[in-house]
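Structural description and commentary
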Amino acid sequence: MTPLPSQHEPLRQAADAARANAWAPYSRFHVGAALESDEGRMFVGCNVENASYPAGTCAERVALGAAIAAGARQFVRIVITTEAADPTPPCGICRQALVEFAPMLEIFAVSPDGRTARWSLAELLPVPFTPASLAHD
Ligand code: THU
């Protein structure tokens, strides 16, 4: 595992700050995410759980929603932080949500001791269903 490139350290710090605000009383698994747009803007999210468990949302999709609401449409990378000993990849639903806007997304996951994993979204979701899949004319 390579360390997080130093130029992405602000993303990790932003993801950690968001993680501190996670609402995860049920799983007690706190997640933070920081998404960088193609214009260099940064958007953060944390997981938001609910007493009605399926109503909960992952950190990555909270960050994506904030970004879309702010007008961003394309993204270059995301940094995800958790308290797990091993860096954790985004879940399948988040992969699908992200591929809509960022098929070339670079994904870093960082554990508390700095251990870092890196994937491309194409690697994690090799055969995506995309807007082009809907073409019917
Ligand atoms: N979670 C995320 O926020 N991102 C992921 O990619 C995986 C899972 C959250 C959902 C839930 O609140 C908790 O982690 C345990 O699954």
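Heads up: these notes are all about the structure in this document. (Residues numbered from 1 in each chain as written. Predicted model: local features only at pLDDT ≥ 70, side-chain atom pairs only at ≥ 80, totals over all residues. Heavy atoms only, no water.)

1. Some words on the site of the ligand
- Lining the immediate environment of the ligand, one finds Ser27, Phe29, Val31, Asn47, Glu49, Cys58, Ala59, Glu60, Pro89, Pro90 and Cys91.
- Contact between the ligand and asparagine 47: an oxygen atom at 2.9 Å from a side-chain N or O atom of the residue.
- Between the ligand and the protein, one listed contact pairs an oxygen atom with a side-chain N or O atom of glutamate 49 at 2.5 Å.
- Within the complex, the protein chains bury 75% of what would otherwise be the 370 Å² of accessible surface of the ligand.
- Split into classes, the residues belonging to the shell around the ligand amount to seven nonpolar, two polar and two charged. (Near = heavy atom within 4 Å. Polar contact = N/O pair within 3.5 Å; in protein donor to acceptor, adjacent residues only side chain to side chain. Areas by Shrake-Rupley, 256 points an atom, 1.4 Å probe, with all protein chains shown as cover. Nonpolar A, V, L, I, M, F, W, Y, C, P; charged D, E, K, R; others polar.)

2. Description of the nonpolar core
- Ranked by size, the top nonpolar core spans 24 residues in total, and within it Leu35, Phe75, Ile78, Leu105, Ile107 and Leu121 carry the most contacts.
- Every element with two or more residues in this core is listed here: strand 1 (31-37), helix 2 (59-69), strand 3 (75-82), helix 3 (92-99), strand 4 (106-110), strand 5 (116-120) and helix 4 (121-124).
- With four residues, helix 2 is the largest single contributor of residues to this core.
- Apart from residues lying up to four places away in sequence, isoleucine 78 is in contact with Ala33, Ala34, Leu35, Glu60, Leu105, Glu106, Ile107 and Phe108.
- Of all hydrophobic cores here, the second largest spans eight residues; its members include Leu11, Ala34, Val79 and Phe108. (Core = buried A, V, L, I, M, F, W, Y, C linked by side-chain atoms within 4.5 Å. Buried < 20%, exposed > 50% of the residue type's maximum accessible area, 1.4 Å probe, protein only. Helix = DSSP H or I, 4+ residues; strand = E, 2+ residues; numbered from the N terminus. Contact = heavy atoms within 4.5 Å.)

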